[in-house]
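# Structural description and commentary
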Amino acid sequence: MRSLRKKRSALELSLDLLKFILPELLVTHFDLVSHKTESGTLHLCFEEKKDTPKEEKHRILTAHVFHKEIIIQDFPLRGKSVYLHVKRRRWLDKGSGVIVQRDWDLVAQGTRMTIEFAAFLKVLGQYENL
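Residue numbers here run from 1 along each chain, matching the order of that chain's written sequence. Given that the model is predicted, a residue must reach a pLDDT of at least 70 before its local features are reported, and side-chain atom pairs must reach 80 or more before they are shown or counted; all residues, however, enter totals for whole chains, interfaces and linings. With hydrogens and water stripped out, all remaining heavy atoms of the structure feed into the side-chain values.

Counting its regular elements, the protein contains 3 helices and 7 strands. The way it works is that DSSP assigns letters per residue, a run of H or I at least four long becomes a helix, a run of E at least two long becomes a strand, and they are numbered from the N terminus. The order of helices and strands in the protein, counted from the N terminus, is α-α-β-β-β-β-β-β-β-α. Burial status across the protein gives 26% buried among its 130 residues. In what follows, a contact means two residues having at least one pair of non-hydrogen atoms within 4.5 Å. A fraction of 53% describes how many contacts in the protein between residues 6 or more apart in sequence connect residues 24 or more apart. Methods summary: accessible areas were calculated by the Shrake-Rupley approach with a probe of 1.4 Å, and residue burial reflects only the protein chains presented. Only carbon and sulfur atoms are counted for the fraction: they give 54% of the accessible area of the protein, which is about 9,500 Å². Burial classes follow relative accessibility: with a 1.4 Å probe on protein chains only, a residue under 20% of its type's maximum area counts as buried, one over 50% as exposed, and anything between as partly exposed.

On to unusual backbone geometry, then. A positive phi angle, close to 50 degrees, is found at Ser39, a residue other than glycine. Mapped onto the secondary structure, Ser39 falls in the loop between strand 1 (30-38) and strand 2 (41-48). Assessed through its relative accessible area of 79%, Ser39 is described here as exposed. Residues other than glycine seldom take positive phi values, yet Arg78 does so here, at roughly 50 degrees. Along the polypeptide, Arg78 turns up in the loop between strand 4 (70-77) and strand 5 (80-87).

Time to look at the sheet that holds strand 3 (residues 61-66). Read across the open sheet, the 3 strands follow the order 3-6-7; overall the sheet is antiparallel. Taken across any chain shown, the strands that pair with only one partner, and hence form the sheet edges, are strand 3 and strand 7 (99-100). Pairs of strands are assigned from DSSP output, requiring at least two bridges between the strands. As judged from the 2 bridges shared by strand 6 (residues 89-93) and strand 7, these two strands associate in the antiparallel manner. Along strand 7, the bridge assignment pairs Leu92 with Ile99.

What follows concerns the nonpolar core. Among the buried residues, those of types Ala, Val, Leu, Ile, Met, Phe, Trp, Tyr and Cys that are joined through side-chain atoms within 4.5 Å form a nonpolar core. One finds Leu18, Leu22, Leu26, Val27, Phe30, Leu42, Leu44, Phe46, Ile72, Val82, Leu84 and Val86 forming the largest nonpolar core, which totals 12 residues. Filtering out sequence-adjacent residues up to four positions away, Leu44 remains in contact with Leu22, Leu32, Ser34, His35, Val82, Tyr83, Leu84 and His85.

Attention now moves to the confidence of the model for the protein. Do not read the predicted coordinates in detail wherever pLDDT is low. Each residue carries a pLDDT value, the predictor's own confidence for that position, ranging from 0 to 100. Per-residue pLDDT for the protein averages 75, and the proportion of residues at 70 or more is 68%. Per-residue pLDDT, averaged within each element of the protein, yields its smallest value for helix 3 (residues 115-128) (58) and its largest for strand 2 (90).

Below, the structure is given as C-alpha cells:
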C-alpha cells in the first residue's frame, strides 16, 4: 500500500510539473502516453482523454478513433528541442451515427508551433529589430 501511495505522489508531482511547462489545455484534456529523448530532442506523446465534450452532453457518445497525429514544436527545455505529438479523439454519436470532435486551438496558424511559443518568438523578433 505504501508503494502505491508513493507512485501516486510521484505521478501527481509529475503532472504538477507538466502544468508549469506545457500549455494548460494539453495537460488538462490529454494524457501523456509516452516520451523519449533522442539526439537532444524531447518527444512527448499525448492522446486526448476519453471524456466526452461537455457541449455534447445531450448525445450518447462513445470514443471512436483518433485523428492523424500532429507534431507541434514547443518551447525548448534545458537546451533540448521539444516536440509534442498530439492525437485528437473522435466520438461516435450512437443515435445518429455522426462523428463528433472538439475544436482545439493548439497550433498557431501558419506554423507547427504552440500558440504560446509562436507568440513568444513574435515578441522576441520585435526586440531584435530595435
